[in-house]
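Observations on the model geometry
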Amino acid sequence: MISANFSSETPSKPQALGKWTPDRVFLTPEQSSRLGAMTLLPSDAKSVLRVEKKLQYGGYVWNDKNIAPGSITVKVDLRTQLVSVFKGGHEIGAAVILFGADDHETPIGQFPIRGKSREYQSKSYNAPMPYSLWLTEDGVALHGSKVRWGSATHGCVGVPLEFATKLFENAQIGDVVEIIRSPRPNAAVTSSMNI
């Protein structure tokens, strides 16, 4: 969700950041604390993925290389239309999402994953919901979708199918999905990270 955007022309390491690699930017404790207080990152965030260009509809990044096994935390931001997956405080995946239309809003809050369904067909909407991670009793899930501009869900969080597959493989029942609508402007995030 925060995934640090760097162009290939970035000449040198930004002075205010901690260690960084071609794949990842490591946050200083102060940056992590500030972004955690703004609910934009998990409170234990240690690093975010380094993304070369802005993610487009249907696009995603996933890099869990050298990240220890463990439980995950998923952050969904309805305002930016992005989802981030963190393992052990390190962002391992990010994608553009679909979310609920005005008449079927996606709920905001913290939702432990209640169940998983690899192949599911919605009875209410006669629509496929592959790799569903169930969040609420009334059927809201995070699941694979054709993520394209102008589309919406009936309250679920839709992610690109390949991303959904990877998330499904890593997520366990009880892992937490937090859905927020971050405040505007996003300049607060950029200045707090000093990027």
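Residues numbered from 1 in each chain as written. Predicted model: local features only at pLDDT ≥ 70, side-chain atom pairs only at ≥ 80, totals over all residues. Heavy atoms only, no water.

Inspection of the secondary structure puts Arg-118 in the loop between strand E9 (115-117) and strand E10 (132-134). Assessed through its relative accessible area of 46%, Arg-118 is described here as partly exposed. Residues Arg-118 and Phe-168, 50 residues apart in the sequence, show an inter-C-alpha distance of 7.9 Å. Sequence-distant contacts of Arg-118, defined by excluding residues within four places in its chain, comprise Pro-130, Tyr-131 and Phe-168. (Helix = DSSP H or I, 4+ residues; strand = E, 2+ residues; numbered from the N terminus. Buried < 20%, exposed > 50% of the residue type's maximum accessible area, 1.4 Å probe, protein only. Contact = heavy atoms within 4.5 Å.)

Now for the side chain of Thr-136. Along the polypeptide, Thr-136 turns up in the loop between E10 and strand E11 (141-145). A polar side-chain atom of Thr-136 sits 2.5 Å from a polar atom in the side chain of Asp-138. Of note is the side chain of Thr-136, whose polar atom sits 3.0 Å from the backbone nitrogen of Val-140. Apart from residues lying up to four places away in sequence, Thr-136 is in contact with Pro-107, Phe-111 and Arg-114. (Polar contact = N/O pair within 3.5 Å; in protein donor to acceptor, adjacent residues only side chain to side chain.)

Taken as a whole and assessed by the stated rule, the structure comprises three aromatic pairs. Between Trp-62 and Phe-163 the ring centres are 5.4 Å apart and the planes differ by 75°, which places this aromatic pair in the edge-to-face class. Highlighted residues: Trp-62 in strand E4 (residues 60-62) and Phe-163 in helix H2 (residues 161-170), separated in sequence by 101 residues. Each member of the pair, Trp-62 together with Phe-163, is buried. Note on Tyr-131 and Phe-168: the rings are 5.4 Å apart at their centroids and 70° apart in plane angle, and the pair reads as edge-to-face. On the criterion of sequence distance, the pair formed by Tyr-131 in the loop between E9 and E10 and Phe-168 in helix H2 is long-range, its members being 37 residues apart. A network of ring pairs unites the aromatic residues Tyr-60, Trp-62 and Phe-163 as a single cluster. Against the face of Phe-168 rests Lys-116, its NZ or CZ located 4.5 Å from the ring centre. (Phe/Tyr/Trp six-rings, centres within 6.5 Å; stacked < 30°, edge-to-face > 60°. Lys NZ or Arg CZ within 6 Å of the ring centre and 35° of its normal.)

Another point: the pattern of salt bridges. A complete count under the given rule lists four salt bridges for this structure. The shortest N-O distance in the salt bridge between Arg-34 and Glu-30 comes to 2.7 Å. Residue Arg-34 and its partner Glu-30 are located together in helix H1 (residues 29-37), separated by four residues, close to a single helical turn. For Arg-34, a relative accessible area of 32% gives the class partly exposed. The salt bridge involving Glu-137 is made with Arg-114; its shortest N-O contact spans 3.5 Å. Within this pair, whereas Glu-137 is found in the loop between E10 and E11, its partner Arg-114 is found in the loop between strand E8 (109-112) and E9, the two being separated by 23 residues in sequence. (Salt bridge = Lys/Arg side-chain N within 4 Å of Asp/Glu carboxyl O.)

Now for the pairing of strand E7 (residues 90-96). Working note: regular strand, side chains alternate between the two faces of the sheet. In terms of burial, E7 is a largely internal element, seven of the seven residues being buried. Pairing of E4 with E7 involves three bridges; the strand directions are antiparallel. By the bridge assignment for E7, Val-61 is matched with Ala-94. Summarising the sheet, strand E6 (residues 82-87) and E7 pair through six bridges and their orientation is antiparallel. Bridge pairing links Val-85 to Gly-93 in E7. Hairpin geometry of E6 and E7 is characterised by an intervening segment of two residues between the two adjacent antiparallel strands and by a positive phi of about 60° at Gly-88. (Pairing = 2+ DSSP bridges.)

Looking now at the sheet that holds strand E12 (residues 157-160). Here four strands make up an open sheet; going across it, the order is E9-E10-E11-E12 and the pairing mixed. A single partner strand is all that each edge strand has here, and the edge strands are E9 and E12. Pairs of neighbouring strands in the sheet enclose a mean axial angle of 25°, with direction left out of account. Bridging between E10 and E11 involves two bridges; their strand directions are antiparallel. Looking at the pairing, Trp-134 lines up with Ala-141 of E11. Along the sheet, H2 contacts E9, E10, E11 and E12; its crossing angle with E12, the most-contacted strand, is approximately 105°. (Axes fitted to C-alpha atoms, helices over the stretch in contact; angles between N-to-C directions.)

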